[in-house]
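# Residue-level structure breakdown
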Amino acid sequence: MMSGRIVILGGGPVGLSIAEQLGQAGRTSVIAQRKQPGRLPPGAEFEPCDALDGAALMRLMQGASALICTIGLAYDAAVWEAAWPKIMANMLAACSASGARLIFIDNLYMYGPQAEPLREDMPMAATGRKGKVRAAITRQWQASGVRVAALRAPDFYGPGVANSILGTPTIGALAQGRSAQLVVKPDAPHALAYVPDIARAAILLLDAPDDAYGQVWHAPSVPARTPREILAMAASRLGVKPRLMEMPGWLMPLVGLFMPFIREWNETSFQHDRPFLVDSSKFERRFGLTPTQLEEGIPLTADSFRKA
């Protein structure tokens, strides 16, 4: 088990879940970001830090044994291009100085459009701006000499996770008696990861031998199912009709002219307009962690929105 100060950069759903699971195991952690989260799990402390401030991050990491990055920047390619290379450089410098390991919670954009399940050994073939940023910061850590493990996850969901394709616009809407608003194809199978599973995977990497570092891992993900099937499960749990409202594909570029989020979303349409499949068998074989089945995760997620 990894000993020493564990710093979690980012207090969103994944960061909080990691801190919560560490606390349940009697381990402490520090959640660091610019503003204190609305809640801190037992065993977690808060320290203010801006990841864009290299000196502040260097101070934060003094005496630390590990840095787990769960940061989510604004969904804007220009923001990513300006901020991510600097954040990665700051994290690598701080980890190099402290001797800490870095676990980077990543996404799958760098692969670009693919016609088969995504694997860790696939080339980074992104053509869009956000995917190219992810590829560039991957090359940064690969060339750094710092012990880094990248944990790449598809779209994630879970209890209380609002900003998700299975969050407020869909399961949250069903819980309010409204139609689920879909920006993905309802009948294209789509791989998903459960937030507590991502947290469990990060902690397994935290405690893993050094040979788990210097490489990429895909977070355990259930076999892809269609959003229509998944939302029917949520509706059944909520006792409502599974009403769906899909934005037609031809309308997306037009809407993107007026809605910046949709414009940014359109850039990664290859993850949403066709079957999106992920192979996470490498992690499952190495660590023996199987993903939480949708039949368990979706009802728990639906319950959380019913209580909200």
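Everything numeric in this text was worked out from a predicted model, so none of it was measured.

### Here we look at the sheet that holds strand β10 (residues 215–218)
- The sheet built from 7 strands is open, its strands ordered β3-β2-β1-β4-β5-β6-β10 with parallel pairing. At either end of the open sheet lies a strand with only one pairing partner, and these are β3 (44–48) and β10. The sheet shows a mean angle of 20 degrees between the axes of neighbouring strands, direction not considered.
- One ladder, built from 4 bridges, connects strand β4 (residues 64–69) with strand β5 (residues 101–106); its direction is parallel.

### Considering the packing of aromatic side chains
- A full pass over the atoms with the stated rule returns 8 aromatic pairs.
- Where Tyr-75 meets Trp-80, the ring centres are 6.1 Å apart and the plane angle is 90 degrees; that geometry is what we call edge-to-face.
- Seen in terms of ring centroids, Tyr-157 and Tyr-194 are 5.2 Å apart; in terms of plane orientation they differ by 45 degrees. Their pairing is tilted. On the criterion of sequence distance, the pair formed by Tyr-157 in strand β7 (residues 156–157) and Tyr-194 in strand β9 (residues 190–194) is long-range, its members being 37 residues apart.
- Judged by relative accessible area, which is 7%, Tyr-194 ranks as buried.
- Ring-pair connections join several aromatic residues into one group, and the members of that group are Tyr-75, Trp-80 and Tyr-109.
- The aromatic ring of Trp-80 is capped on one face by Arg-134, whose charged end is 4.9 Å from the ring centroid.

### Some remarks on the nonpolar core
- Core analysis: the biggest nonpolar cluster contains 43 residues, and Met-61, Trp-84, Met-91 and Leu-102 have the highest contact counts within it.
- Of all the elements in the fold, those that place two or more residues in this core are β1 (5–9), β2 (29–33), α2 (54–60), β4, α3 (77–98), β5, α4 (129–142) and β6 (148–152).
- Of all the elements, α3 adds the most residues to this core, at 9 residues.

### What to know about the pattern of salt bridges
- One pass over the full model with this rule turns up 17 salt bridges.
- Residues Glu-295 and Arg-225 are paired through a salt bridge, measuring 3.3 Å at the closest nitrogen-oxygen approach. Here Arg-225 lies in strand β11 (residues 222–225) and Glu-295 lies in helix α11 (residues 294–307), a separation of 70 residues in the sequence.
- Classification of Glu-295 by relative accessible area gives partly exposed; the value is 47%.

Basis of the calculations
- Residues numbered from 1 in each chain as written.
- Predicted model: local features only at pLDDT ≥ 70, side-chain atom pairs only at ≥ 80, totals over all residues.
- Heavy atoms only, no water.
- Pairing = 2+ DSSP bridges.
- Helix = DSSP H or I, 4+ residues; strand = E, 2+ residues; numbered from the N terminus.
- Axes fitted to C-alpha atoms, helices over the stretch in contact; angles between N-to-C directions.
- Phe/Tyr/Trp six-rings, centres within 6.5 Å; stacked < 30°, edge-to-face > 60°.
- Buried < 20%, exposed > 50% of the residue type's maximum accessible area, 1.4 Å probe, protein only.
- Lys NZ or Arg CZ within 6 Å of the ring centre and 35° of its normal.
- Core = buried A, V, L, I, M, F, W, Y, C linked by side-chain atoms within 4.5 Å.
- Salt bridge = Lys/Arg side-chain N within 4 Å of Asp/Glu carboxyl O.

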